[in-house]
Amino acid sequence: MNRTARLYALVEELRAAAPRPLTVAALATRFEVSTRTVQRDLQTLMQTGVPVRSMPGRGGGWSIDPEMTLPPIHLTADEASALTAALAAADASTPYAGAARTAAQKIVASLAGPASAAAQELAARIVTLPTHGDSAIRTAVERALADNKVLRLSYTDAAGHGSNRVVEPAGLLTADGRWYLIAWCRTRRAGRGFRLDRIAAAAPTGEQAQPHNLTELLLGSAAAGAIRPHRTGLTHTR
């Protein structure tokens, strides 16, 4: 078994035993390698973001959080190449760009032989022009969406007018090469689209946001035709 296959097998072994921890010695016996090799592999998994953790003491060992991982997904070579290319096209200003890069690396690592070479070769032919974006703002937006938290924004519209907003994030919209945060704006008491590159500052409030229907907030936006709206309500904040 090569190292790439063993890394994925380690994840599955830990997932099958979860939440019970497994010792390095038991894993070494299972995969017929040294304990040093297993320890190195587990450290590699941690560095790539796999939620494995060490539990010290009697009865301890290594375990994985099954709720933070996905079961194996069987992709064809074409599907893997398509995903790798799409993820490789995410530039630094794209939401979740960091996660996209590590996901692309994991997809390529999961392939073998010609399929891996084909995916890497295709990704190498995807070129993106760098764009400017504040990583702290992007991270704040990503976390607010993931955790459903209220955000406080400083925003500049297309006319150059600045304003402060308190918003409840609902989703992201991409249109004409731009990314928008779709949210319920408490300041305007209506749905709004905020262009990410016009957000001057974004600070989490720690407050839980109310749930909002993204489809309803998108009504009247650039995506209206795609969702077949019955009524309109979103005003662009450009």
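Placed above this text is the structure.
Residues numbered from 1 in each chain as written. Predicted model: local features only at pLDDT ≥ 70, side-chain atom pairs only at ≥ 80, totals over all residues. Heavy atoms only, no water.

Draft legend 1. Examining the overall build of the chain more closely. Broken down by element type, the chain carries nine helices and eight strands. Across the 238 residues of the chain, 36% fall into the buried class. Look at the contacts in the chain between residues 6 or more apart in sequence, and 54% of them connect residues 24 or more apart. Total accessible area on the chain stands at roughly 13900 Å², and carbon and sulfur atoms take up 54% of it. (Helix = DSSP H or I, 4+ residues; strand = E, 2+ residues; numbered from the N terminus. Buried < 20%, exposed > 50% of the residue type's maximum accessible area, 1.4 Å probe, protein only. Contact = heavy atoms within 4.5 Å. Areas by Shrake-Rupley, 256 points an atom, 1.4 Å probe, with all protein chains shown as cover.)

Draft legend 2. The arrangement of the packing of helix H1 (residues 3-17) against helix H2 (residues 24-31) in detail. The N-to-C vectors of H1 and H2 enclose an angle of 125°; their axes lie 12 Å apart at closest approach. If you check the angle between H1 and H2, you find them oblique. In this structure, H1 meets H2 at a crossing whose hand is right-handed. Packed against H1, whose contacting residues are Arg6, Ala9, Leu10, Glu13 and Leu14, the element H2 presents Leu27, Arg30 and Phe31 at the interface. Split by residue class, the contact of H1 with H2 holds five nonpolar, no polar and three charged. (Axes fitted to C-alpha atoms, helices over the stretch in contact; angles between N-to-C directions. Parallel < 35°, antiparallel > 145°, perpendicular 65-115°, else oblique. Left-handed = near helix turned anticlockwise from the far one by under 90°. Nonpolar A, V, L, I, M, F, W, Y, C, P; charged D, E, K, R; others polar.)

Draft legend 3. Spotlight on the pattern of salt bridges. Summed over the entire model, instances satisfying the criterion amount to ten salt bridges. Between Asp197 and Arg178 there is a salt bridge, with the nearest N and O atoms lying 3.0 Å from each other. Of the two residues, Asp197 is situated in the loop between strand S6 (190-195) and strand S7 (199-208) and Arg178 in strand S5 (residues 178-185); the sequence distance between them amounts to 19 residues. On the basis of relative accessibility, which here comes to 44%, the residue Asp197 falls in the partly exposed class. What emerges from the salt-bridge pattern is a single network uniting Arg3, Arg6 and Asp41. (Salt bridge = Lys/Arg side-chain N within 4 Å of Asp/Glu carboxyl O.)

Draft legend 4. Just the environment of Glu207, in detail. Counting through the fold element by element, Glu207 comes out in strand S7. For Glu207, the contacting residues outside a window of four places in its chain are Asn148, Lys149, Val150 and Arg186.

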